[in-house]
Amino acid sequence: MGLFDMVMIKDNHISVAGGITNALKAVDTCLEQNNIQMEVEVETRTLDEVNEVLEYASINENASLSRITLDNMVVPLPNGDVDVSMLEQAVQVIDGRFKTEASGNVTLETVNTIGQSGVTVISSGALTHSVKALDISLKINMALALKVGRRTKRL
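With respect to the overall build of the chain
For the chain, the count of helices and strands is seven helices and seven strands. Against the compact-globule benchmark of 15 Å for 155 residues, the chain has a radius of gyration of 23 Å, which places it well outside the compact range. The burial tally for the chain puts 31% of its 155 residues in the buried class. Counted over contacts in the chain with a minimum sequence separation of 6, partners at least 24 positions apart contribute 62%.

Encoded structure:
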């Protein structure tokens, strides 16, 4: 799967379109006008937004929507754990009608708890924005390299 395999409606798209319903309509219209069949994923940040997506999908039988992202519905707790109650509520409301994706506050320490919420997919930006750099020196000890090369008959 690549970035060309589906349409992803992010929060900025929703803002520019004037709301989730308008963004979904615009994508569905574009796909229809260009005779393109493609899955659509929409990002939600609140239970109200989830309900708006579900309402749109119930009214529009031909909607291309296939996945709902539940962004930042995982709340970090002071003890290092996470509160996934909002995420669980969203999964319950969606009730299997669409794939669900949890994103935001996902780390190696929290992924198991998030997975137990019932979401279909978990994505983690921590894999890229929080990676620890590995300092690899490229200094070459010429004398040692020549010694090893001669010993192993590679020179």
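Next, the rest of the story.
Description of the sheet that holds strand β7 (residues 121-122)
In spatial order, the strands read β1-β2-β3-β6-β7; together these five strands make up an open sheet with parallel pairing. Pairing within the sheet leaves two strands with one partner each, and these edge strands are β1 (6-9) and β7. Two strands pair when backbone bridges link them, and strand β2 (residues 39-44) and strand β3 (residues 65-71) are joined in this way by five bridges, in the parallel orientation. The residue of β3 that forms the bridge with T44 is L70. Set on the sheet, helix α2 (residues 20-33) makes contact with β1, β2 and β3; between it and β2 the angle comes to about 165 degrees.

Quick notes on unusual backbone geometry
Backbone geometry places N72, a non-glycine residue, at a positive phi of 55 degrees. Considering the arrangement of structural elements, one finds N72 in the loop between β3 and β4 (75-76). Using a relative accessible area of 45% as the deciding quantity, one classes N72 as partly exposed. The residue D95 is not glycine, and still its phi comes out positive at about 50 degrees. Of note, D95 is situated in the loop between α4 (85-94) and β6 (99-103).

Here we look at the pattern of salt bridges
Applying the stated criterion across every chain, the model contains four salt bridges. When the shortest N-O distance is used, the salt bridge between R45 and E49 registers 2.9 Å. Through salt bridges with shared partners, a single network forms among E41, R67 and E101.

Details of the nonpolar core
In summary, soluble globular proteins display a tendency toward joint burial of nonpolar side chains. I9, L24, V42, L65, I68, L70 and L87 are the most contacted members of the largest nonpolar core, which has 30 residues in total. Other than its neighbours up to four places away in sequence, V42 contacts I9, I14, I20, L24, V53, L65, R67, I68 and T69.

Quick notes on the rules
- Residues numbered from 1 in each chain as written.
- Predicted model: local features only at pLDDT ≥ 70, side-chain atom pairs only at ≥ 80, totals over all residues.
- Heavy atoms only, no water.
- Helix = DSSP H or I, 4+ residues; strand = E, 2+ residues; numbered from the N terminus.
- Rg over C-alpha atoms; globule rule 2.2 N^0.38 Å.
- Buried < 20%, exposed > 50% of the residue type's maximum accessible area, 1.4 Å probe, protein only.
- Contact = heavy atoms within 4.5 Å.
- Pairing = 2+ DSSP bridges.
- Axes fitted to C-alpha atoms, helices over the stretch in contact; angles between N-to-C directions.
- Salt bridge = Lys/Arg side-chain N within 4 Å of Asp/Glu carboxyl O.
- Core = buried A, V, L, I, M, F, W, Y, C linked by side-chain atoms within 4.5 Å.

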